[in-house]
Amino acid sequence: MRRINSAPGFIGPVGPYSQAVVSGHLVFTAGQIPAQSDLNDQPADFTEQVRQTLRNLEAILIEAGSDFSHVIKVNAYLTDPAQLEPFNAVYRELLGHAPPARTTVCVALWGVSLEIDCVAELIAKEPQHG
């Protein structure tokens, strides 16, 4: 098992947890939020918050050895049911090519309007021939 604390240039965990854990051929991410450098540095516009959250998620996946094309399951947490349509529009742009399974719920969150986590496969490495 391998633990990833953060991706270079992106916000680290805001608590005692790993941003991702690689176990076997799978990557399990922690919930990613729209913060850019800290909780006070978030885009004002909700669609840009979705984009930033997905950029943060993608950075952790890449650091772990995966990417959006290998995502199996997404869990999305929104704070307002009215956010679903704009959320889906941005989500479709970035993950709509081969949409993974997804659960989306409306919940109360601490200081953010959304959070997204996922499970992904590691990118298969080509065998080395020597």
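Just so we're clear, the structure is a prediction, and the values are computed from it rather than from any experiment.

K.L.:
Account for the overall build of the protein, naming residues and giving values.
P.N.:
The helix and strand inventory of the protein stands at two helices and six strands. Along its sequence from the N terminus, the protein presents helices and strands in the succession β-β-β-α-β-α-β-β. Relative to the 2.2 N^0.38 estimate, which gives 14 Å for 130 residues, the radius of gyration of the protein is 15 Å and therefore close to what a compact globule would have. Reported as C-alpha extents along the three principal axes, the dimensions of the protein are approximately 55 × 30 × 20 Å.

K.L.:
How would you sum up the side chain of Gln19? Please name residues and give values.
P.N.:
Structurally, Gln19 can be placed in the loop between strand S1 (2-4) and strand S2 (20-23). What makes Gln19 buried here is its relative accessible area of 2%. Within the structure, the side chain of Gln19 is placed 2.9 Å from the side chain of Gln32, a separation counted as a polar contact.

K.L.:
Break down the side chain of Thr29 for me, citing the residues and quoting the values.
P.N.:
Relative to the elements of secondary structure, Thr29 occurs in strand S3 (residues 26-29). Separated by 2.9 Å, the side chain of Thr29 and the backbone nitrogen of Cys118 make a polar contact.

K.L.:
Quick one: what's the story with helix H2 (residues 84-95), residue by residue and with numbers?
P.N.:
For H2, the set of buried residues is Phe87, Asn88, Val90, Tyr91 and Leu95. Lining the buried residues of H2 we find helix H1 (46-64), strand S4 (71-78), strand S5 (101-106) and strand S6 (114-121).

K.L.:
Please provide a residue-by-residue account of the packing of H1 against H2, values included.
P.N.:
At their nearest, the axes of H1 and H2 sit 9 Å apart, and the two run at 35 degrees to each other. Crossing handedness for the pair H1 and H2: right-handed. Of H2, the residues touching H1 (which contributes Phe46, Thr47, Val50, Arg51 and Leu54) are Pro86, Phe87, Val90, Tyr91, Glu93, Leu94 and Leu95. Tallied by class, the residues present in the contact of H1 with H2 amount to nine nonpolar, one polar and two charged.

K.L.:
Residue-level account of the sheet that holds S3, with values.
P.N.:
Overall, mixed pairing links the six strands, which are arranged S1-S2-S3-S6-S4-S5 in an open sheet. The strands lining the two open edges of the sheet, one partner per strand, are S1 and S5. The average angle at which neighbouring strand axes cross in this sheet is 15 degrees, direction not considered. Pairing between S2 and S3: four bridges, direction antiparallel. Counted as the bridge partner of Ala20 is Thr29 from S3.

What counts, and at which threshold
Residues numbered from 1 in each chain as written. Predicted model: local features only at pLDDT ≥ 70, side-chain atom pairs only at ≥ 80, totals over all residues. Heavy atoms only, no water. Helix = DSSP H or I, 4+ residues; strand = E, 2+ residues; numbered from the N terminus. Rg over C-alpha atoms; globule rule 2.2 N^0.38 Å. Buried < 20%, exposed > 50% of the residue type's maximum accessible area, 1.4 Å probe, protein only. Polar contact = N/O pair within 3.5 Å; in protein donor to acceptor, adjacent residues only side chain to side chain. Contact = heavy atoms within 4.5 Å. Axes fitted to C-alpha atoms, helices over the stretch in contact; angles between N-to-C directions. Left-handed = near helix turned anticlockwise from the far one by under 90°. Nonpolar A, V, L, I, M, F, W, Y, C, P; charged D, E, K, R; others polar. Pairing = 2+ DSSP bridges.

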